[in-house]
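Topology and contacts: notes
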Amino acid sequence: RLHGAVGEAPVYSHLNHGVEFYTFPLVVRRLSGAEDQVNVVAPLELLECCGPLERESELTVLGEVRTFNNRTGVGSRLVISAFARELRQEPGEDENRLELSGTLCKTPSLRATPLGRTICDMILAVNRRYGRADYLPCIAWGAVAAQAADMRTGQRLTVEGRVQSRVYTKNDNGVLTDRTAYEVSIMRPAEIEEFLVHIPR
């Protein structure tokens, strides 16, 4: 569930099984004041039912988190998107909330930030219908990070969190370019089999 402001009007993305899909950024403000820019993908029919979407239109998006590798530039870049099942133009508080249930497909990596905060990186494979899966980079902080570091590949877990974006600078042979990385920030594990205890709300 997302609620925020439309960053740009929808533009054509692709055609799949005769259905036109469009994409647009949704800007969601955190409590800290920082902003996450989430890619939203929606079928044309859903956009037509929702009404015209313009820059800064307030919008609620209900749907699923999906990933794909964008190979249109140099190399491959993972893009996380919100695949819209429902769109509603309505006022409200900014919201960025998701629940994922999947399988840990890479050994968690525990590290410390330059400021000394504990952080754990992991990749969660979430199955779709028809045998496909989305591979989502996830990060956990503090006590949750320390617990996640004890998990093993192949373990199933359900987590709650948000989709977040961050801008970083990449050095390509002396040329500095700004890039945007997308990841799931885990707020709490809702259920982690065998190893992690439930962390109260």
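Our subject in this report is the structure included herewith.

If you tally the helices and strands in the protein, you get two helices and 13 strands. Judged by the C-alpha coordinates and their principal axes, the protein covers about 45 × 45 × 35 Å. When burial is assessed residue by residue, the protein has 41% of its 201 residues classed as buried. Counted over contacts in the protein with a minimum sequence separation of 6, partners at least 24 positions apart contribute 57%. A total of about 11,900 Å² of accessible surface is found on the protein, and carbon and sulfur atoms cover 50% of it. Separation between the mean location of the 24 positive side-chain charges and that of the 26 negative ones in the protein comes to 6 Å.

Mapping Ser57 onto the fold places it in the loop between helix H1 (44-50) and strand S5 (58-70). You can call Ser57 buried: its relative accessible area is 13%. There is a polar contact of 2.8 Å between the side chain of Ser57 and the backbone oxygen of Glu54. Beyond its immediate sequence surroundings of up to four residues, Ser57 is in contact with Gly4, Ala5, Val6 and Gln89.

For the structure on display, the rule yields 14 salt bridges. As a salt-bridge pair, Glu8 and Arg55 come within 2.6 Å of each other at their nearest N and O atoms. Linking Glu8 in the loop between strand S1 (2-6) and strand S2 (11-16) with Arg55 in the loop between H1 and S5, this pair joins segments that are 47 residues apart in sequence. Among the salt bridges present, the one from Glu64 reaches Arg85, with a minimum N-O distance of 3.0 Å. Of this pair, Glu64 sits in strand S5 while Arg85 sits in strand S6 (residues 77-89), and the two are 21 residues apart along the sequence. Classification of Glu64 as partly exposed rests on a relative accessible area of 32%.

Moving on: the environment of Leu59. For Leu59, the location among the structural elements is in strand S5. With 15 residues separating them in the primary sequence, Leu59 and Leu44 have C-alpha atoms 16 Å apart. Not counting the four nearest positions on each side in its chain, Leu59 is found in contact with Leu2, His3, Gly4, Val6, Phe24, Leu26, Cys50, Leu53, Leu87, Arg88, Gln89 and Glu90.

Judged by nonpolar contacts, the single largest core of 40 residues is most densely connected at Leu26, Leu59, Val61, Leu87, Leu100 and Leu136. Excluding its chain neighbours within four sequence positions, the residues that come into contact with Val61 are Arg1, Leu2, Leu26, Val40, Ala84, Glu86 and Leu87.

The subject of this paragraph is the pairing of strand S10 (residues 118-127). Where strand S8 (residues 98-104) meets S10, two bridges bridge the pair, whose relative direction is antiparallel. Following the sheet pairing, Leu104 is matched in S10 by Leu124. Of the strand pairs in this sheet, strand S9 (residues 109-112) and S10 are connected by four bridges, and their pairing is antiparallel. Paired with Ser109 across the strands is Asp121, a residue of S10. Taking the residues between adjacent antiparallel strands as the criterion, S9 and S10 are bridged by five residues, where Gly116 takes a positive phi near 90°. As defined by bridge partners, S10 adjoins strand S11 (residues 133-141) across nine bridges and the pair is classed as antiparallel.

This paragraph deals with unusual backbone geometry. Within the chain, His17 stands out as a residue other than glycine whose phi angle is a positive 50°. Summarising the element assignment, His17 is placed in the loop between S2 and strand S3 (19-29). Here the phi dihedral of Glu56 falls at roughly 75°; this positive angle occurs in a residue that is not glycine. Structurally, Glu56 is set in the loop between H1 and S5.

Definitions and limits used
- Residues numbered from 1 in each chain as written.
- Predicted model: local features only at pLDDT ≥ 70, side-chain atom pairs only at ≥ 80, totals over all residues.
- Heavy atoms only, no water.
- Helix = DSSP H or I, 4+ residues; strand = E, 2+ residues; numbered from the N terminus.
- Buried < 20%, exposed > 50% of the residue type's maximum accessible area, 1.4 Å probe, protein only.
- Contact = heavy atoms within 4.5 Å.
- Areas by Shrake-Rupley, 256 points an atom, 1.4 Å probe, with all protein chains shown as cover.
- Lys, Arg positive; Asp, Glu negative; His and termini not counted.
- Charge placed at Lys NZ, Arg CZ, Asp CG, Glu CD.
- Polar contact = N/O pair within 3.5 Å; in protein donor to acceptor, adjacent residues only side chain to side chain.
- Salt bridge = Lys/Arg side-chain N within 4 Å of Asp/Glu carboxyl O.
- Core = buried A, V, L, I, M, F, W, Y, C linked by side-chain atoms within 4.5 Å.
- Pairing = 2+ DSSP bridges.

Coordinates in, geometry out; function isn't part of it.
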